Amino acid sequence: MYFCRGMTHLNLEQYERAIDDFDKTLKFAPPNSPANIDAYFQRGLAYGQIEPYEQAIQDFNKAIEIFPHAANLYNNRGWAYAELKQYERALEDLDKAIELEPNFAHAYYSRGCVYKKLEQYERAIEDFNKAIELYPDLAEAYRNCGECRKALGDETGAQSDLDKARNLGYKD
């Protein structure tokens, strides 16, 4: 019951209320149960939306302890590390997510974003292109790829990618 209500609050962007319900889920669920994995994961996402990234990382850590083979857990922990500018740790997690699930478009996208922040534009473009190959409607990947191409002086390629992003509904 608390988990479902927490999901409703999360979807309504009522993050503090979602966190409260996920806390209750964790209080009543048996240790190491699937409910705990989901509650830690969703609470981590909620924390990430209100920016206590350290708490998000703690929740992703707990979920990974219970289920270490879930690529999405590493992807989201990597995102949180990136938000804290801990790029090497972010890359380690994103590499692990891709190792666990080689066709995980969002992990390639996330890793591309880290490479972009590190100004490793060629590597970022490779990852954005892989994300696009796996998920052709990922407008954000086209936008970021275009920005990397622009940084490298490829105005034609940049414009092409940015046009694709807009055609897919990305708004500047």
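Overview of the structure. This structure is a prediction, so every number in the text was calculated from the model and none was measured.

Counting its secondary structure elements, the protein contains 10 helices and 0 strands. Along the protein, helices and strands appear, N-terminal first, in the series α-α-α-α-α-α-α-α-α-α. Compactness check: the protein gives a C-alpha radius of gyration of 17 Å against a globular reference of 16 Å for 172 residues, within 12% of the reference. Judged by the C-alpha coordinates and their principal axes, the protein covers about 55 × 30 × 25 Å.

Right, let's talk about the packing of aromatic side chains for a bit. Inspection of the entire model under this criterion finds 5 aromatic pairs. Arranged with centres 5.7 Å apart and planes meeting at 50°, the rings of Y109 and F128 form a pair that is tilted. You can see Y109 sitting in helix α7 (residues 105-117) and its partner F128 sitting in helix α8 (residues 121-134), a full 19 residues away along the chain. Residues Y109 and F128 agree in their burial class; the two are buried. One Lys or Arg, K130, reaches over the ring of Y108 and ends 6.0 Å from the middle of that ring.

Turning next to the pattern of salt bridges. Scanning all chains against the criterion turns up 13 salt bridges. Across the pair R43 and D59 runs a salt bridge, and its minimum N-O distance is 2.6 Å. Within this pair, whereas R43 is found in helix α3 (residues 34-50), its partner D59 is found in helix α4 (residues 53-66), the two being separated by 16 residues in sequence. D59 shares its class with R43; the two are buried. A salt bridge links R111 to D127, with the shortest nitrogen-to-oxygen separation between them at 2.6 Å. Here R111, found in helix α7, pairs with D127, found in helix α8; they are 16 residues apart in sequence, far enough to count as distant. In terms of burial, R111 and D127 fall into one category: buried. Residues participating in the shared-partner salt-bridge network are D23, R43 and D59.

All right, on to the nonpolar core then. Grouped together as the largest cluster of nonpolar side chains are 50 residues, with contacts concentrated most on Y109, V114, F128 and A141. For this core, the secondary structure elements donating two or more residues are α2 (15-28), α3, α4, α5 (71-83), α6 (87-100), α7, α8 and α9 (139-151). The residues touching F128, leaving out its near neighbours within four places in the chain, are Y109, G112, C113, A141, N144, C145 and C148.

Parameters at a glance
- Numbers given to residues run from 1 along each chain, matching the order in which its sequence is written.
- Side-chain atom pairs in this predicted model are given and counted only at pLDDT of 80 or more, local residue features only at pLDDT of at least 70, and totals for whole chains, interfaces and linings cover all residues.
- Computation of side-chain values covers all heavy atoms of the structure but excludes hydrogens and water.
- To qualify as a helix, a DSSP run of H or I must reach at least 4 residues; to qualify as a strand, a run of E must reach at least 2; elements of each kind are numbered from the N terminus.
- As a reference, a globule follows 2.2 Å times the number of residues to the power 0.38, and the radius of gyration itself is taken over C-alpha atoms.
- Stacked, tilted and edge-to-face pairs are distinguished by plane angle, under 30 degrees for stacked and over 60 for edge-to-face with tilted covering the rest, among Phe, Tyr and Trp rings (Trp via its six-membered ring) whose centres lie within 6.5 Å.
- With a 1.4 Å probe rolled over the protein chains alone, any residue whose accessible area is under 20% of its type maximum counts as buried; one over 50% counts as exposed, and the rest are partly exposed.
- Lysine and arginine charges are scored as sitting over a ring when NZ or CZ, respectively, is within 6 Å of the ring centre and within 35 degrees of the ring normal.
- Basic side-chain nitrogens of Lys or Arg form a salt bridge, by our definition, when they fall within 4 Å of a carboxyl oxygen of Asp or Glu.
- Within this scheme, the nonpolar core is defined by two criteria: the residues are buried Ala, Val, Leu, Ile, Met, Phe, Trp, Tyr or Cys, and they are joined through side-chain atoms within 4.5 Å.
- Here a residue-residue contact requires only that any non-hydrogen atoms of the pair lie within 4.5 Å.

Spatial relationships are all this shows, so hold off on functional conclusions.
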